[in-house]
Amino acid sequence: MLLNWTVMILYNYFSAMFVGPGYVPLGWTPEKSQDCMYLQYCKVCQSYKAPRSHHCRKCNRCVMKMDHHCPWINNCCGYQNHASFTLFLLLAPLGCIHASFIFVMTMYTQLYNRISFGWSSVKIDMSAAKRDPRPIIPFGLSAFAASLFALGLALGTTIAVGMLFIIQMKVILTNKTSIESWIEEKAKDRIQYYQTGETFIFPYDMGSKWKNFKQVFTWSGIPEGDGLDWPVRDGCHQYSLTIEQLKQKADKRVRSVRYRAIEDYSGACCPVTKGVKTLFTTPCSEEPRIALSKGDLILATRGLNHWMYGEKILDSAADGAIRERGWFPRKCVEKCHYDSETDQPVDGEKKNR
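Residues numbered from 1 in each chain as written. Predicted model: local features only at pLDDT ≥ 70, side-chain atom pairs only at ≥ 80, totals over all residues. Heavy atoms only, no water.

(A) Structural detail: the overall build of the protein. Along its length, the protein carries 8 helices and 13 strands. The proportion of buried residues among the 353 residues of the protein is 39%. The long-range share in the protein, meaning contacts at least 24 apart out of those at least 6 apart in sequence, stands at 61%. (Helix = DSSP H or I, 4+ residues; strand = E, 2+ residues; numbered from the N terminus. Buried < 20%, exposed > 50% of the residue type's maximum accessible area, 1.4 Å probe, protein only. Contact = heavy atoms within 4.5 Å.)

(B) Up close: the UniProt feature "transmembrane region" (unreviewed entry) in the protein. According to UniProt, the positions carrying the feature "transmembrane region" (unreviewed entry) are residues 6-24, 87-108 and 136-167. Span residues 6-24 is 74% helix and 0% strand, its end C-alpha atoms 33 Å apart. Helix makes up 100% of residues 87-108 and strand 0%. Its end C-alpha atoms lie 32 Å apart. (UniProt positions renumbered as here; feature names shortened; annotations may be inferred.)

(C) Geometry of a positive patch on the surface. On the surface, Arg-57, Lys-186, Lys-252 and Arg-325 cluster together to form a positively charged patch. With respect to the element layout, Lys-186 can be found in helix α4 (residues 178-194). (Patch = residues over 30% accessible without salt bridge, like charges linked within 9 Å, V, L, I, M, F, W, Y side chains within 5 Å. Areas by Shrake-Rupley, 256 points an atom, 1.4 Å probe, with all protein chains shown as cover. Salt bridge = Lys/Arg side-chain N within 4 Å of Asp/Glu carboxyl O. Lys, Arg positive; Asp, Glu negative; His and termini not counted. Charge placed at Lys NZ, Arg CZ, Asp CG, Glu CD.)

(D) Focus on the pairing of strand β11 (residues 307-312). Of all 6 residues in β11, 5 are buried; the element is thus mostly enclosed. Of the pairings in the sheet, the one linking strand β10 (residues 297-303) to β11 comprises 5 bridges and is antiparallel in character. Bridged to Ala-300 within β11 is Gly-310. Pairing between β11 and strand β12 (residues 324-329): 6 bridges, direction antiparallel. Across the sheet, the residue bridging to Glu-311 is Arg-325, located in β12. (Pairing = 2+ DSSP bridges.)

(E) Structural detail: the confidence of the model for the protein. Mean pLDDT over the protein works out to 84, with 86% of the residues at or above the 70 mark. For the stretch residues 339-353, pLDDT sits under 50, and the model shows 20 contacts to residues farther than four places along the chain or on other chains. (pLDDT = per-residue confidence, 0-100.)

(F) Molecular detail of the sheet that holds β12. Strand order in the open sheet formed by 5 strands is β12-β11-β10-β9-β13, and the pairing between neighbours is antiparallel. The sheet is open, and its two borders are formed by β12 and β13 (333-335), each paired with just one other strand. The sheet shows a mean angle of 45 degrees between the axes of neighbouring strands, direction not considered. (Axes fitted to C-alpha atoms, helices over the stretch in contact; angles between N-to-C directions.)

(G) View of the pattern of salt bridges. Counted by the stated rule, this structure contains 10 salt bridges. Note that Glu-244 is salt-bridged to Arg-190, the shortest N-O span being 2.9 Å. Placement of the pair is Glu-244 in helix α6 (residues 240-255) and Arg-190 in helix α4, with a sequence separation of 54 residues. Residue Glu-244 is classed as buried on the basis of its relative accessible area, which comes to 4%. Look at Arg-190 and you get buried, because its relative accessible area is 8%. Of the charged contacts, one joins Glu-263 and Lys-274 as a salt bridge, the two residues approaching to 3.3 Å between their closest N and O atoms. Taken together, the positions of Glu-263 in the loop between β9 (257-261) and α7 (276-280) and Lys-274 in the loop between β9 and α7 put the pair 11 residues apart, joining distant regions of the chain. Overall, the relative accessible area of 27% leaves Glu-263 in the partly exposed class.

(H) Seen up close, the side chain of Asp-205. Inspection of the secondary structure puts Asp-205 in the loop between α4 and α5 (209-214). Although Asp-205 lies buried, it forms no salt bridge, and the closest oppositely charged side chain, Arg-233, sits 4.3 Å away as judged by the N-O distance. A polar contact of 3.1 Å, which involves the side chain of Asp-205, links it to the backbone nitrogen of Gly-207. Within the structure, the side chain of Asp-205 is placed 2.8 Å from the side chain of Asn-212, a separation counted as a polar contact. (Polar contact = N/O pair within 3.5 Å; in protein donor to acceptor, adjacent residues only side chain to side chain.)

(I) Main features of the state of the cysteines. For the structure on display, the rule yields 0 disulfides. In this structure Cys-77 is a free cysteine whose sulfur lies 7.7 Å from that of Cys-70, the closest cysteine sulfur available. (Disulfide = S-S within 2.5 Å.)

(J) Highlighting the environment of Leu-299. With respect to the secondary-structure elements, Leu-299 resides in strand β10. Along the primary structure Leu-299 and Ile-313 are separated by 14 residues, whereas in three dimensions their C-alpha atoms are 7.0 Å apart. The contact partners of Leu-299, leaving out residues within four places of it in the chain, are Ser-256, Val-257, Arg-258, Tyr-309, Gly-310, Glu-311 and Ile-313.

(K) Structural view of the pairing of β9. Note that β9 and β10 share 4 bridges and pair antiparallel. Bridging across to β10, Val-257 finds its partner in Ala-300. The pairing of β9 with β13 spans 3 bridges and is classified as antiparallel. From the neighbouring strand, Tyr-259 faces β13, where its bridge partner is Lys-335.

Shown next as structure tokens:
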């Protein structure tokens, strides 16, 4: 049984790794040219982002139905390998629970054979068992320590990977991905902030957990659809989610604040020369850092106490250059009080908007 767990775990692990999530074809455009207005354009892949797809900086491709980039499989979790990845998250804790049971019973049996209870003391003999027959594999102090260490690893894996499995099942049963759950939360915040009176309905929820489950798990192992076109619930548009993404993107541009670099920054993850607080509060994120030179302009969209996230304003941005986005220390920049192009206060401009 333990070997059976191992084979199934490794099969799904390598399937998720080598099958991959599926990528949007390079240069892809929708069949109807008028639908391009509902989609975002990826300058790296030179194609439009299909519904539910996102560009992965690690894979350097637009991934179909991207959930997240997983460093453990060195690949993205998406359309084609979502089922294999989720089965791996299920089977790994089950195999570890079985292994934990074996470790516990082994240590209990061996220690019971080596412990003698006296009237006033307890004596432990780890050299040999008191009963016959002796075990085929000698169980000494080193074997006990190794079994105890392996038990800790098995229990830790069960808890950590089991929690990831629960998170994945929650999004699968609502036919979402982790990214789409975040988009839905931001949609609610946007509607509440602007009091637009809109009602955002997630278009890909089929209304039944079983129907949502079958969108990912099939008997053939091949997910439904082609990864580009998706069934939507009644009353929703094929591009309802992409339209909401465009609204959020435009809102982020409006609410961004312009900063000017007053210090050079090398782009180091943990800069030693920028202060102790900056060093020890570096963002725990896979998102990149951007190098700054004195005088650079940055549009900041979010921030922490000692760090900010934004996009560097490049002179060649109009020529289709790749954008530079990432984290940078807050102490390296100062807020621009006037817009260099219109010579108007930035705050006043935002109020007019």
